[in-house]
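Letter by letter, the chains look like this.
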Amino acid sequence: MEIWERASIRCMLNAKLDELHGEGFEEFFHRVMCTLEPSFLNVRTAGRRGDQGADGLLLSGGKLYACYAPQTVTPAKLAGKFESDLANALKKRRGEFGTFVFVHNDRRGIHPELASLLATARNDHPQLSFENFGRTHFYTQFCRMERWQVEDFLGPFPAAPVAVSVVLDDLVPLLDHLAEYRRPLEDLPPIPRPPLTKMDYNGFSWDVRHRMRLALPYVNHVEEYYRGRLDPNERDEVAAGFRAHYELIAQTSDVADEILWHLERHILGNAKQVSPMELNALVVLMYFFGECEIFKVPPDGWVPATELGVAT
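Please read these numbers as outputs of a predicted model, since none were measured by experiment. (Residues numbered from 1 in each chain as written. Predicted model: local features only at pLDDT ≥ 70, side-chain atom pairs only at ≥ 80, totals over all residues. Heavy atoms only, no water.)

(A) Region of the structure containing the nonpolar core. The biggest cluster of nonpolar side chains holds 37 residues, and the ones touching the most others in it are L171, F204, Y226, F242, F288, I294 and F295. Those elements giving two or more residues to this core turn out to be α7 (172–181), α8 (193–202), α9 (206–215), α10 (219–227), α11 (234–250), α12 (256–268) and α13 (275–290). With nine residues, the single largest contributor to this core is α13. If sequence neighbours within four positions are ignored, F288 has contacts with Y226, R235, V238, A239, F242, E293 and I294. (Core = buried A, V, L, I, M, F, W, Y, C linked by side-chain atoms within 4.5 Å. Buried < 20%, exposed > 50% of the residue type's maximum accessible area, 1.4 Å probe, protein only. Helix = DSSP H or I, 4+ residues; strand = E, 2+ residues; numbered from the N terminus. Contact = heavy atoms within 4.5 Å.)

(B) Focus on the packing of α7 against α13. Across the interface, α7 lies against α13 with an axial gap of 10 Å and an inter-helix angle of 115 degrees. By the criterion of interaxial angle, the relationship of α7 to α13 is roughly perpendicular. In this structure, the crossing between α7 and α13 has a hand that is right-handed. Mapping the contact onto sequence places L174, L175, L178 and A179 in α7 and M277, N280, A281, V283 and V284 in α13. Taken together, the residues of the contact of α7 with α13 break down into eight nonpolar, one polar and no charged. (Axes fitted to C-alpha atoms, helices over the stretch in contact; angles between N-to-C directions. Parallel < 35°, antiparallel > 145°, perpendicular 65-115°, else oblique. Left-handed = near helix turned anticlockwise from the far one by under 90°. Nonpolar A, V, L, I, M, F, W, Y, C, P; charged D, E, K, R; others polar.)

(C) Spotlight on the packing of aromatic side chains. In total, this model carries 26 aromatic pairs according to the counting rule given. Arranged with centres 6.2 Å apart and planes meeting at 80 degrees, the rings of F29 and F138 form a pair that is edge-to-face. A residue pair is termed long-range when its members are at least 10 positions apart, and F29 in helix α2 (residues 22–36) and F138 in helix α5 (residues 135–143) qualify at 109 residues. Put simply, the rings of F25, F28, F29, F40, Y65, F133, F138, F142 and F153 pair up and form one aromatic cluster. (Phe/Tyr/Trp six-rings, centres within 6.5 Å; stacked < 30°, edge-to-face > 60°.)

(D) A look at the sheet that holds strand β2 (residues 56–58). Ordered in space as β1-β2-β3-β4-β5, the five strands form an open sheet in which the pairing is mixed. Strands at the two margins of the open sheet, each flanked by one partner only, are β1 (40–41) and β5 (129–133). Inspection of the sheet shows β1 paired to β2 by two bridges, in the antiparallel sense. Bridging across to β2, L41 finds its partner in L57. Strands β4 (99–104) and β5 of the sheet are contacted by helix α4 (residues 112–124), whose axis makes an angle of about 160 degrees with β5. (Pairing = 2+ DSSP bridges.)

(E) Representation of the pattern of salt bridges. A complete count under the given rule lists 17 salt bridges for this structure. The salt bridge involving R135 is made with D18; its shortest N-O contact spans 2.8 Å. On the criterion of sequence distance, the pair formed by R135 in helix α5 and D18 in helix α1 (residues 3–19) is long-range, its members being 117 residues apart. A salt bridge links E223 to R227; the shortest N-O distance between them is 3.8 Å. One end of the pair is E223 and the other is R227, both in helix α10 and four residues apart, which spans about a single turn. When salt bridges that share partners are traced, they join R235, D236, R243, E291 and E293 into one network. (Salt bridge = Lys/Arg side-chain N within 4 Å of Asp/Glu carboxyl O.)

(F) Quick peek at the pairing of strand β3 (residues 63–68). With five of its six residues buried, β3 lies for the most part within the structure. As paired elements, β3 and β4 share six bridges and run parallel to each other. What sits directly across from K63, in β4, is T99. Assessed by its sense of winding, the connection that carries the chain from β3 through helix α3 (residues 75–92) to β4 is right-handed. (Right-handed = clockwise from strand over helix to strand, strands pointing away.)

(G) Up close: the environment of V219. In this fold, V219 is placed in helix α10. In contact with V219, not counting residues within four places along its chain, are V283, M286 and Y287.

(H) Structural view of the side chain of D55. Structurally, D55 can be placed in the loop between β1 and β2. Buried D55, no salt bridge; nearest opposite-charge side chain is K81, N-O distance 4.8 Å. At 2.7 Å, the side chain of D55 forms a polar contact with the backbone nitrogen of C67. Non-local contacts of D55, meaning those with residues more than four positions away in its chain, are made with E26, H30, N42, V43, Y65, A66 and C67. (Lys, Arg positive; Asp, Glu negative; His and termini not counted. Polar contact = N/O pair within 3.5 Å; in protein donor to acceptor, adjacent residues only side chain to side chain.)

The following block contains the structure:
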């Protein structure tokens, strides 16, 4: 897909999800998962037996899904729904899943109450993994579809490329954090060697490496941000989203500069952004670049040909 098509998917998907609540949202989720995952079971209710604690089961991944998308979210109802779904799943489907996934429709991202519930559940049930499945996860799923499948769910694409300035929902708080705390400093920390070696290994051009080097000293602000978040899974979920999007782009391009450009547009949309916003987005990417979540990792002992005295 072209970058403008991905940006269009994000806008059309948000508009679609804004309309869906309750059973309508659950049905939409079932259709999306059945389209992409052959081993997904869209569990329906069966009289007094109900759905036996599951709105969906992914057999190949050992995942159980619980959906919740009311028109108005209140902390008490959210907590009650989560705890009830988890209790039913443990009681009626014990042994059928290893990961409990809470699927929601909150445009603003994961609710603080849900973050606390997931953290508590992880501590109370160490034998299980816990995930949240929000709008960013829906977007990743739609980017895996063929164009005709996307249009079947969301309607036709615009007739021509469009400029969309929509920041990735899950990153709005992080970008706001960087806008407040990232300041030019005289004594910036030195750039660590592994990211520089990784730039060489992936074949970035000199101009792009220069931009990346400007962003690298500020990645500590991203680390500080995630250390202060209530949800211990948030960083890993964002990383998984970037990794999935990177792998999607890498299927059609092996040019590192081009892949990085697509990842920046993934964060900011395809409309031109002001320079500070673009730099903050690049800081986020360089954090996950240094954490080896995106781009190829050089093998142990690899050094650039220029350091071996070989012209490149």
